[in-house]
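Chain residues, written in single-letter form:
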Amino acid sequence: MARYDRAITVFSPDGHLFQVEYALEAVRKGNAAVGVRGTDAVVLAVEKKSTPKLQDSRSARKIVSLDNHIALACAGLKADARVLINKARIECQSHRLTLEDPVTVEYITRYIAGLQQKYTQSGGVRPFGLSTLIVGFDPYTRIPSLYQTDPSGTFSAWKANATGRNSNSIREFLEKNYKETSGQETVKLAIRALLEVVESGGKNIEVAVMTREEGGLRQLEEAEIDAIVAEIEAEKAAAEAAKKGPSKET
Amino acid sequence: MKLDTSGFETTMPMIGFGSNNDMLDGFCSVPSFDLPRTTDFDGFQKEAVQMVKPAKGTTTLAFIFKEGVMVAADSRASMGGYISSQSVKKIIEINPYMLGTMAGGAADCQFWHRNLGIKCRLHELANKRRISVSGASKLLANMLYSYRGMGLSVGTMIAGWDETGPGLYYVDNEGGRLKGDRFSVGSGSPYAYGVLDSGYKFDMSVEEALELARRSIYHATFRDGASGGVASVYHVGPNGWKKLSGDDVGELHYHYYPVAPATAEHVMEEAAE
């Protein structure tokens with residue numbers, strides 16, 4: 001097979017890699033995704049654009065598991081995501097085979113980020129147009145983690161983060177409102193953050209949780225999400241009323 | 001992380017732009033190599049293997065007990081009937097918390113254990129935590145498997161202490177890998193097993209285990225011509241390995257079976273009085 005020797009991603013005179021920056025644009029146009037790390041649970045929530053009536057929504061899942069203890073959500077080109085996810089899944093199993101141990105969250109993040117970087121420095125290929133949010137619990141230590149990777153191939157760990165459409169506003173919200181949470185509180189925080197930019201309702205949000213005890217990824221049902229959204233709205237209304245109430249009296 | 005098939009490659013692997021392996025979906029095609037020109041493949045293989053078949057002249061043993069792992073070995077190297085050395089180090093220190101034993105080809109064992117040490121260290125640096133004993137033994141087994149049939153002679157035990165406690169694995173040049181509590185490898189192993197198995201208890205103290213290991217090696221060196229020299233014993237605990245003893249088996253013999261004065265000497269003494 002002929003090997004390509006001409007790189008597409010090359011430096012600009014002022015030190016930018018334009019292809020990578022354009023890839024980041026593609027991410028900015030993708031659906032919003034939020035990840036929150038709690039003390040005993042990690043949550044991913046993704047915006048769901050309205051599904052056509054005839055589409056089987058189960059085939060268009062946006063939050064996927066890479067192994068029993070690792071889950072991934074992304075924003076950007078979904079087709080690129082499929083390729084990256086498949087490679088990551090193979091690597092998770094390959095690691096189990098050669099090292100007899102499941103991967104740590106940091107290891108698989110490093111692998112995915114490494115792949116994304118390789119495609120910015122190879123001939124005949126373009127960078128992957130997606131940023132990922134990776135959550136999970138490390139084997140044995142059971143420490144929860146949340147990592148983010150982007151098209152340039154950098155990655156870092158976060159307490160909470162967002163990517164995709166309006167990720168800046170979501171991140172601002174999270175910076176103001178983040179605190180260490182556990183269990184259902186973590187889920188609520190993630191959904192509250194996403195609701196900042198997404199129309200409220202169970203059918204516009206996809207949420208998945210992984211807890212330390214249960215292990216495994218649990219996708220929340222639409223009805224569950226609706227219930228939590230209702231709770232959040234009630235809390236918001238109560239907070240509003242509390243603000244208005246005292247001022248009326250004085 | 002794929003199986004190490006670099007032993008099959010006939011040319012330097014091409015590193016650089018768009019190496020094909022990454023663009024293809026995970027599974028690479030099987031590397032190809034020249035087939036020998038013969039009609040009798042099975043017989044040909046057998047002849048070649050017999051020619052380089054390892055005769056592992058040595059005694060090594062290791063066992064897990066309450067306080068960790070005990071590892072012991074003799075120190076004789078033989079070339080046929082010629083004893084080439086009585087002071088070979090057969091317990092190889094892979095890193096401060098993992099030991100490997102040597103049986104088979106000395107050069108093969110030394111090289112591959114050093115190589116394993118490198119891989120373990122790289123793993124530590126990349127992942128910020130120590131590699132497990134099962135992981136290390138798996139790396140070695142996969143490396144040896146890729147050289148299967150090429151005449152390597154390695155019968156080794158990997159002993160260490162990791163997050164899950166004490167670990168002991170047997171790995172050989174066929175690519176076999178076994179997890180276990182007690183192993184003995186080498187031409188003296190049947191004799192060592194006899195003493196080890198009859199004296200083994202899980203609830204031993206370090207001193208009792210040391211004595212058992214030492215005695216097993218001594219008895220193997222007594223009966224097996226290819227084993228001898230010095231019986232070294234190491235202990236692997238939660239904080240790493242420590243060498244406990246290294247006794248010349250000749251001296252151990254008289255320690256276990258002190259010489260009683262012969263009757264002729266008695267007669268001489270009586271006559272002198």
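Cut-off values and rules
Residues numbered from 1 in each chain as written. Chains lettered and ligands numbered in written order. Predicted model: local features only at pLDDT ≥ 70, side-chain atom pairs only at ≥ 80, totals over all residues. Heavy atoms only, no water. Helix = DSSP H or I, 4+ residues; strand = E, 2+ residues; numbered from the N terminus. Buried < 20%, exposed > 50% of the residue type's maximum accessible area, 1.4 Å probe, protein only. Phe/Tyr/Trp six-rings, centres within 6.5 Å; stacked < 30°, edge-to-face > 60°. Lys NZ or Arg CZ within 6 Å of the ring centre and 35° of its normal. Pairing = 2+ DSSP bridges. Axes fitted to C-alpha atoms, helices over the stretch in contact; angles between N-to-C directions. Contact = heavy atoms within 4.5 Å. Polar contact = N/O pair within 3.5 Å; in protein donor to acceptor, adjacent residues only side chain to side chain. pLDDT = per-residue confidence, 0-100. Salt bridge = Lys/Arg side-chain N within 4 Å of Asp/Glu carboxyl O.

A.B. asks: Help me understand unusual backbone geometry in this model?
C.D. replies: Most peptide bonds take the trans form, and the phi angle of most residues other than glycine is negative. Residues and elements named next belong to chain A. Although it is not a glycine, Tyr140 adopts a positive phi angle of roughly 70 degrees. Here Tyr140 lies in the loop between strand S5 (130-137) and strand S6 (144-149). Looking at Tyr140, the relative accessible area reads 45%, which means it is partly exposed. Phi is positive for Arg142, which is not a glycine, with a value near 55 degrees. Tracing the sequence through the fold places Arg142 in the loop between S5 and S6.

A.B. asks: Explain the packing of aromatic side chains here, please?
C.D. replies: Geometrically, a pair of aromatic rings is defined through the distance of the ring centres and the angle of the planes. Residue and element names in this part refer to chain B. Scanning the model with the defined rule gives 12 aromatic pairs over all chains in all. Here the aromatic rings of Trp112 and Tyr147 are separated by 5.3 Å at their centres, their planes lie at 55 degrees, and the arrangement is tilted. Pair noted here: Trp112 is in helix H3 (residues 106-127) and Tyr147 is in the loop between helix H4 (133-145) and strand S7 (155-162), with a separation of 35 residues, a long-range link. With a relative accessible area of 23%, Tyr147 lands in the partly exposed category. The cationic tip of Arg182 hangs over the ring face of Tyr200; the distance from NZ or CZ to the ring centre is 4.5 Å.

A.B. asks: Sorry if this is basic, but what is going on with the sheet that holds strand S5 (residues 91-95) of chain B here?
C.D. replies: All names here are of chain B. The strand order across the open sheet built from five strands is S5-S6-S7-S8-S9, with neighbouring strands paired in antiparallel fashion. With partners counted over all chains shown, the strands left at the sheet margins are S5 and strand S9 (177-179), one partner each. Across this sheet, the average inter-strand angle for adjacent strands is 20 degrees, counted without regard to direction. Across eight bridges, the pairing between S7 and strand S8 (residues 165-172) is antiparallel. The partner of Gly155 across the bridge, within S8, is Asp172. Its contacts with the sheet put H3 on S5, strand S6 (98-101) and S7, and the angle it makes with S5 is roughly 15 degrees. H4 rests against S6, S7, S8 and S9 of the sheet, and its axis sits at about 10 degrees to S8.

A.B. asks: Any chance you could explain the side chain of Arg214(B) here in plain terms?
C.D. replies: Residue and element names in this part refer to chain B. Looking at where Arg214 falls in the secondary structure, it is placed in helix H6 (residues 206-223). Looking at Arg214, its side chain comes within polar contact range of the side chain of Glu211, at 2.7 Å. Looking at Arg214, its side chain comes within polar contact range of the side chain of Asp247, at 3.1 Å. Not counting residues up to four positions away in its chain, the partners in contact with Arg214 are Val233, Ser245, Asp247, Leu252 and Tyr256.

A.B. asks: Is there a simple way to think about the confidence of the model for chain B in this case?
C.D. replies: For residues with low pLDDT, the predicted coordinates do not support detailed interpretation. The share of residues in chain B with pLDDT of 70 or more is 80%, and the mean pLDDT across the chain is 84. Contacts from residues 10-28 of chain B, a stretch scored under 50 in pLDDT, to residues over four places away or in other chains number 28 contacts.

A.B. asks: Just checking my understanding: could you explain the side chain of Asp40(A) for this structure?
C.D. replies: All names here are of chain A. For Asp40, the location among the structural elements is in the loop between strand S1 (33-37) and strand S2 (41-47). In this structure the side chain of Asp40 is engaged in a polar contact, spanning 3.0 Å, whose partner is the backbone nitrogen of Gly183. In this structure, Asp40 is in contact with Phe137, Ser182, Gly183, Met210, Thr211 and Arg212, ignoring residues within four places of it in sequence.

A.B. asks: Can you help me understand the pattern of salt bridges in this one?
C.D. replies: Where charged atoms from two side chains of opposite charge approach closely, those side chains can pair. Residues and elements named next belong to chain A. For the structure shown, the criterion picks out 21 salt bridges over all chains. The shortest N-O distance in the salt bridge between Asp67 and Arg96 comes to 3.1 Å. Here the residue Asp67 occupies a position in strand S3 (residues 63-67), and Arg96 occupies one in helix H2 (residues 78-99), the gap between them amounting to 29 residues. You can call Asp67 buried: its relative accessible area is 9%.

A.B. asks: Just checking my understanding: could you explain the pairing of S6(B) for this structure?
C.D. replies: Side-chain direction in a regular strand flips from residue to residue, so the side chains alternate between the two faces of the sheet. Residue and element names in this part refer to chain B. Across the two faces of S6 the burial is the same, with Met98 and Gly100 and Leu99 and Thr101 all buried. Looking at chain direction, S5 and S6 are connected through four bridges and run antiparallel. Among the inter-strand pairings, Ile92 is bridged to a residue of S6, identified as Gly100. Hairpin connection from S5 to S6: two residues lie between these consecutive antiparallel strands. Both S6 and S7 contribute to a ladder of three bridges, which runs antiparallel. The partner of Leu99 across the bridge, within S7, is Ala159.

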